[in-house]
Amino acid sequence: MTDTDPKQDLLVRLHRIEGQVRGIARMVEDDKYCIDILTQVSAASRALQAVALGLLADHMSHCLVDAAQAGGQEKDAKLKEATDAIARLVRS
């Protein structure tokens, strides 16, 4: 994410991905070549992964750091939450 408004940057990226997905739907409707559709699906997937990694980095640099400084159960809960999120990303 950029040094500008992170929320706005995220929304811009998501709107771009939304457009990509609409384009993929049109390709399917228009019976475009399967490999071309798969290429676009792959690009949209990578774009979503980039958004997820940005969100994870933001979460770790704010929420997780704050919880680590607070310590105790909050630290443990936020660490588990981040670990679970990373595991989901790795599996996808």
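Residues numbered from 1 in each chain as written. Predicted model: local features only at pLDDT ≥ 70, side-chain atom pairs only at ≥ 80, totals over all residues. Heavy atoms only, no water.

With respect to the overall build of the protein
We apply this condition: Think of it this way: any DSSP run of H or I at least four residues long counts as a helix, any run of E at least two long counts as a strand, and we number them from the N terminus. This radius of gyration counts C-alpha atoms alone. The globule rule is 2.2 Å times how many residues there are, raised to the power 0.38. Exposure classes here rest on a 1.4 Å probe applied to the protein chains alone. A residue is buried below 20% of its type maximum, exposed above 50%, and partly exposed in between. In what follows, residue pairs with any heavy atoms lying within 4.5 Å of each other are defined as contacts. Values of accessible area rely on a 1.4 Å probe in the Shrake-Rupley scheme; residue burial ignores everything except the protein chains shown.
The number of helices and strands found in the protein is 3 helices and 0 strands. The C-alpha atoms of the protein give 17 Å as radius of gyration, which overshoots the globular expectation for 92 residues (12 Å, by more than 25%). For the protein, the spread of C-alpha atoms along the three principal axes comes to 55 × 30 × 15 Å. Going through the 92 residues of the protein one by one, you find that 20% of them count as buried. Looking at the protein alone, contacts between residues at least 24 apart form 48% of all its contacts between residues at least 6 apart. Carbon and sulfur atoms make up 59% of the accessible area of the protein, which totals about 6,800 Å².

Some words on the side chain of His-59
By secondary structure assignment, the location of His-59 is in helix H2 (residues 34–70). If sequence neighbours within four positions are ignored, His-59 has contacts with Leu-64, Lys-78, Glu-81 and Ala-82.

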